[in-house]
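Coordinates in review
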Amino acid sequence: MIKKMIMIGIFTFITAIILFIVFNQKPAYLEALTFEPIDEKVEYIHADTSLQFLTIEDEDEYTIDWSTSSQLNQKAYLRKDISFLFEDGRLTQVMSKWEKNRHEMNNRKSINGEDSGHFQAISFHHSEIHYPNDEIKSRLTISCDDLYVIDSPLAPIHSFKVPTNEKEIEGKRILDYIVEQQLAYIWKDMLREYNINPNNYLAFPLTSLCEYKETPLPNLNEDQTTFVTHKIWESIYHEYFSGIQEDHGAEIKPVGSTVPLILLSNNNDHFIILFQTEKGEKIQHIKILPF
């Protein structure tokens, strides 16, 4: 009887371990992304990111609706939409969704905020298309939105995307100045530490990548710009979204880190991604390009 109880106990223990491993590991398709080659036959019908001011909870708190949507012209083996929300130059939240055999994706989250702030969201809409003989291709597009929220003791909380009066212009100017000064100080320090000459690069924050969605990057054509955008996304996924590898080996989540600065070399043979973690650790990632 005692021997039987021991055997049952051992079996139960082993079963619990197996179930823990099964239910706590990520599916294989979440661990890796396929970026190349680009599938020219597949197109995004639409891709959108939206930030909307919803409600005022009290004098200092409010709610923002953050949503993403995208539609492909055909079903894809795997669809992934990942959106980053930055507040005043630092990552505040990440929203992601993964679906198989879908052509349309929608995702939404309500964000609570307080005080004045500049919210910026950038989303990567990525698709894997599988063909016979294990051929895999991909397609990517991006979308962005931003929102200014002004909380003044002299007026009710309100929001805008583009300022339409003097008060909004001044509110935007103050918020932009504060954030730009903070980021400029951090980036200048990182450029000095990594001995990077800014004159040799086109520099822009990740949140400005949408500016090159319709207009090619300098000295690059449309196809080359698409390729570079894919490569930037690949680096952001592995080095930022999936977890930041610190110098001492620990891996931390990116929330709280600065918006990444993209440095594309003037001869377009590589780019560098720079950002600072919430703890102040500097991170540099270099990617070689085949141009």
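Scroll up to find the structure this text is about.
Residues numbered from 1 in each chain as written. Predicted model: local features only at pLDDT ≥ 70, side-chain atom pairs only at ≥ 80, totals over all residues. Heavy atoms only, no water.

1. Looking at the overall build of the protein
On a plain count of helices and strands, the protein comes out with four helices and 12 strands. Taken over 291 residues, the protein has a buried fraction of 44%. The long-range share in the protein, meaning contacts at least 24 apart out of those at least 6 apart in sequence, stands at 65%. (Helix = DSSP H or I, 4+ residues; strand = E, 2+ residues; numbered from the N terminus. Buried < 20%, exposed > 50% of the residue type's maximum accessible area, 1.4 Å probe, protein only. Contact = heavy atoms within 4.5 Å.)

2. Here's the deal with the nonpolar core
Core analysis: the largest hydrophobic core is formed by 45 residues, its most contacted members being Phe84, Phe124 and Leu206. Top element by residues in this core is helix α4 (residues 222-241). It accounts for eight residues. Excluding residues within four positions of it along the chain, leucine 206 makes contact with Phe86, Ile122, Phe124, Ile232, Ile236, Val259, Pro260 and Ile262. Counting 12 residues, the second largest nonpolar core, distinct from the first, contains Trp66, Leu85, Met95 and Ala121. (Core = buried A, V, L, I, M, F, W, Y, C linked by side-chain atoms within 4.5 Å.)

3. Topic: the state of the cysteines
In protein structure, a disulfide is the covalent linkage between the sulfur atoms of two cysteines. Tallying each qualifying case throughout the model produces one disulfide. One disulfide bridge connects cysteine 144 with cysteine 210, the sulfur atoms lying 2.1 Å from each other. Taking the sign of the torsion about the S-S bond as the criterion, the disulfide between cysteine 144 and cysteine 210, at about 85°, is right-handed. Here the residue cysteine 144 occupies a position in strand β5 (residues 135-152), and cysteine 210 occupies one in the loop between β7 (201-205) and α4, the gap between them amounting to 66 residues. (Disulfide = S-S within 2.5 Å.)

4. Quick notes on the pattern of salt bridges
Counted under the stated rule, the structure contains 14 salt bridges. Between aspartate 145 and lysine 161 there is a salt bridge, with its nearest N and O atoms 2.7 Å apart. Here the residue aspartate 145 occupies a position in strand β5, and lysine 161 occupies one in the loop between β6 (155-160) and α3 (166-193), the gap between them amounting to 16 residues. Residue aspartate 145 is classed as buried on the basis of its relative accessible area, which comes to 16%. Judged by its relative accessible area of 29%, lysine 161 is partly exposed. The salt bridge partner of aspartate 189 is arginine 192, with a shortest N-O separation of 3.0 Å. Of this pair, aspartate 189 and arginine 192 both sit in helix α3, three residues apart, which is roughly one turn of that helix. Where salt bridges share partners, they join Asp189, Arg192, Glu193 and Lys282 into one cluster. (Salt bridge = Lys/Arg side-chain N within 4 Å of Asp/Glu carboxyl O.)

Take it as geometry only, folks, not as evidence of what the structure does.
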